[in-house]
Amino acid sequence: MKYTLRHWLVLVFINFVNVCTGSIFTLQGPIFPFEIQKRNGKVFEYAIVFGIYEFAVLVSSPLMGPLVRKLGPTKTLFVGLLLQAVTTTLFGFLNLIPTLYLFMGISILLRILEGVGFAASWVGSYSVIPEVYPDDVAVIVGSMEMAQGFGLTIGPMIGGLLFTIGGFMATFLLPGIILFLMTFLTPFMFTKFPMGGANYEGDIRIVLRKPRILINFVILAAITFVLSSINATLTPFLHSTFNMSPLTIGFMLGLHGALSAVLSPIWGYIIGKIDTSVPVLLGALVIDILGVAILGPLPILGIPVQVTKQIITPQRAI
């Protein structure tokens, strides 16, 4: 397939969109627990706000298939980005709310809408690819995964940096403005490509009846649960134990995304060679168990917390 200038522009655009949506998800990690603590909240309250996003993605994702069939991939992507732009911008004004429960309630509502927006933009962007790059779907999807991993990496770093420079409001207003810009560029990026040629029909129940896919689904759900738990608890742990600043915590949280972006092509190559993902996923579970045991650390290991710090945080280098 020969790429035109428009093909290259769309490729840059769709990857930048995935960088933005990935970074928005992790943006609040280094700073939001402090806002909860200012209002006498606990880690549990922060965990709810953080975890409700992924729950919203989980519940709303199956609904995005019918939405793509009805609106088309471009409009679905537009709606998803617009919803994320609005909610991210509004998130910047939450620091004006003094009481904990009102702060929590609006935070949860915005995170739910943000998660629905992410599901729409994610499914919409995937649905665009077969229309624009029918012969290179696997390659383009791989680049999107790397872009998403890069976004997850820089999200906490950007959050910590913007919070240090401009405070809570600036942390969300600037990314929100960028998302608005990407939203209104979306219709113009795909005007040269007629949509509707790909087949969007399918039934998730048929897919989940296949044992290999079901195993992958369960393992990925378990790994995601572990990552969500760490995201909800690591920030308060690092701050209370080692008195880390939001900027340093942002770099710490970004390490996971950095490793994910670097190692994803390697794991993809291995899976392609062995023609199955199950051994890799089982290996990932074992690595996750070891990582969490050291991160704690698990009491029976007898590892001092100071040693754990040296394993999980190259703070001196930062």
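Keep in mind that what you see is a predicted model, and the values were worked out from it rather than measured.

Trainee: Tell me what's going on with the overall build of the chain, and back it up with residues and numbers.
Mentor: Tallying secondary structure elements over the chain gives twelve helices and zero strands in all. Per-residue burial over the chain gives 43% buried out of 318 residues. Put simply, of all contacts in the chain between residues at least 6 apart along the chain, 82% involve residues at least 24 apart.

Trainee: Tell me about the pattern of salt bridges, and name the residues and values.
Mentor: In the structure shown here, the tally under the stated rule is three salt bridges. We note a salt bridge from arginine 39 to glutamate 35, for which the minimum N-O separation is 3.1 Å. Among the residues examined, arginine 39 registers a relative accessible area of 11% and is labelled buried. Judged by relative accessible area, glutamate 35 falls into the buried class, the value being 2%.

Trainee: Provide a residue-level description of the nonpolar core, including the pertinent values.
Mentor: Ranked by internal contacts, the top residues of the largest apolar core, which has 45 residues, are Phe32, Phe91, Leu94, Tyr133, Ile140, Phe168 and Phe190. Those elements giving two or more residues to this core turn out to be helix 1 (5-26), helix 2 (32-38), helix 3 (43-71), helix 4 (73-91), helix 5 (100-132), helix 6 (137-166) and helix 7 (168-189). In terms of residue count, helix 5 provides more of this core than any other element does, ten residues in total. Formed by nine residues, the second largest nonpolar core is a distinct cluster that contains Leu234, Leu238, Leu253 and Leu295.

Trainee: Summarise a nonpolar patch on the surface; cite the residues concerned and give the values.
Mentor: On the surface, Leu259, Val262, Leu263, Ile266, Trp267, Ile270 and Ile274 cluster together to form a nonpolar patch covering roughly 620 Å² of accessible area. Counting through the fold element by element, isoleucine 270 comes out in helix 10 (residues 246-274).

Trainee: Report on helix 7, specifying residues and quantitative values.
Mentor: With 22 residues, helix 7 ought to run about 32 Å at 1.5 Å a step, and its terminal C-alpha atoms sit 32 Å apart, in line with that. Residues of helix 7 that are buried include every one of Phe168, Thr171, Phe172, Pro175, Gly176, Leu179, Met182, Thr183, Thr186 and Met189, and no others. Considered in projection along helix 7, the buried side chains sweep an arc of 140 degrees and stay on one side of the axis. In this structure, helix 7 carries Ile177, Leu181 and Phe188 as exposed residues pointing more than 90 degrees from its buried face. Buried-residue contacts for helix 7 involve helix 1, helix 2, helix 4 and helix 6.

Trainee: Which residues make up the confidence of the model for the chain, and what are the values?
Mentor: With 81% of its residues at a pLDDT of 70 or more, the chain shows a mean pLDDT of 78. Here helix 12 (residues 305-312) stands out as the element of the chain with the lowest mean pLDDT, 53, in contrast to helix 4, whose mean of 91 is the highest. Within the model, the stretch residues 313-318 combines pLDDT values under 50 with ten contacts to residues more than four positions away or in other chains.

Trainee: Run through the packing of aromatic side chains, naming residues and quoting values.
Mentor: Within the structure shown, the criterion is met by eight aromatic pairs. With a centroid separation of 6.0 Å and 70 degrees between ring planes, the pair formed by phenylalanine 78 and phenylalanine 184 is classed as edge-to-face. Taken together, the residues phenylalanine 78 in helix 4 and phenylalanine 184 in helix 7 connect sequence positions 106 residues apart. Through a chain of ring-to-ring contacts, the aromatic side chains of Phe25, Tyr53, Phe118, Trp122 and Tyr126 assemble into a single cluster. Stacked on the ring of phenylalanine 103, the Lys or Arg arginine 39 has its end atom at 4.1 Å from the ring centre.

Trainee: Any details on empty space enclosed by the protein? Residues and values, ideally.
Mentor: Under the counting rule described, the total for this entry stands at one cavity of 30 Å³ or more. By volume, the largest cavity is sized at about 50 Å³. Lining the largest cavity are Ile24, Leu27, Gln28, Thr88, Phe91, Arg111, Glu114 and Phe172. When residues of the lining of the largest cavity are traced back to their parent elements, those giving at least two are helix 4 and helix 5. Here the lining of the largest cavity is composed, by residue class, of four nonpolar, two polar and two charged.

Trainee: An account of the layout of surface pockets is needed here, citing residue identities and associated values.
Mentor: Here the second largest pocket is characterised by a volume of approximately 170 Å³. Together, 13 residues line the second largest pocket, and Cys20, Ser23, Ile158, Pro175 and Ile178 are the ones closest to its centre. Here the lining of the second largest pocket takes five residues from helix 1, the largest share from any one element. Here the residues of the lining of the second largest pocket sort into twelve nonpolar, one polar and no charged.

Trainee: I'd like a description of the environment of phenylalanine 44, backed by residues and values.
Mentor: In this fold, phenylalanine 44 is placed in helix 3. Under the relative-accessibility criterion, phenylalanine 44 is labelled exposed at 59%. Along the sequence, phenylalanine 44 and threonine 233 sit 189 residues apart, while their C-alpha atoms lie 8.8 Å from each other.

Trainee: How would you summarise the packing of helix 1 against helix 7 if you had to cite specific residues and measurements?
Mentor: The N-to-C vectors of helix 1 and helix 7 enclose an angle of 150 degrees; their axes lie 11 Å apart at closest approach. Taken together, helix 1 and helix 7 sit at an angle that is classed as roughly antiparallel. By crossing handedness, the relation of helix 1 to helix 7 is classed as left-handed. Facing helix 1, whose interface residues are Arg6, Leu9, Val10, Phe13, Phe16, Val17, Cys20 and Ile24, helix 7 presents Pro175, Ile178, Leu179, Met182, Leu185, Thr186, Phe188 and Met189. Of the residues contributing to the contact of helix 1 with helix 7, the split by class is 14 nonpolar, one polar and one charged.

The rules behind each value
Residues numbered from 1 in each chain as written. Predicted model: local features only at pLDDT ≥ 70, side-chain atom pairs only at ≥ 80, totals over all residues. Heavy atoms only, no water. Helix = DSSP H or I, 4+ residues; strand = E, 2+ residues; numbered from the N terminus. Buried < 20%, exposed > 50% of the residue type's maximum accessible area, 1.4 Å probe, protein only. Contact = heavy atoms within 4.5 Å. Salt bridge = Lys/Arg side-chain N within 4 Å of Asp/Glu carboxyl O. Core = buried A, V, L, I, M, F, W, Y, C linked by side-chain atoms within 4.5 Å. Patch = residues over 30% accessible without salt bridge, like charges linked within 9 Å, V, L, I, M, F, W, Y side chains within 5 Å. Areas by Shrake-Rupley, 256 points an atom, 1.4 Å probe, with all protein chains shown as cover. Expected span 1.5 Å × (residues − 1). Arc of directions from axis to C-beta. pLDDT = per-residue confidence, 0-100. Phe/Tyr/Trp six-rings, centres within 6.5 Å; stacked < 30°, edge-to-face > 60°. Lys NZ or Arg CZ within 6 Å of the ring centre and 35° of its normal. 1 Å grid on protein atoms, 1.4 Å probe; cavity = no way out; pocket = protein on both sides within 12 Å on 5 of 7 lines; lining within 4 Å. Points joined across faces, edges and corners; volume = space filled by probe spheres on them. Nonpolar A, V, L, I, M, F, W, Y, C, P; charged D, E, K, R; others polar. Axes fitted to C-alpha atoms, helices over the stretch in contact; angles between N-to-C directions. Parallel < 35°, antiparallel > 145°, perpendicular 65-115°, else oblique. Left-handed = near helix turned anticlockwise from the far one by under 90°.

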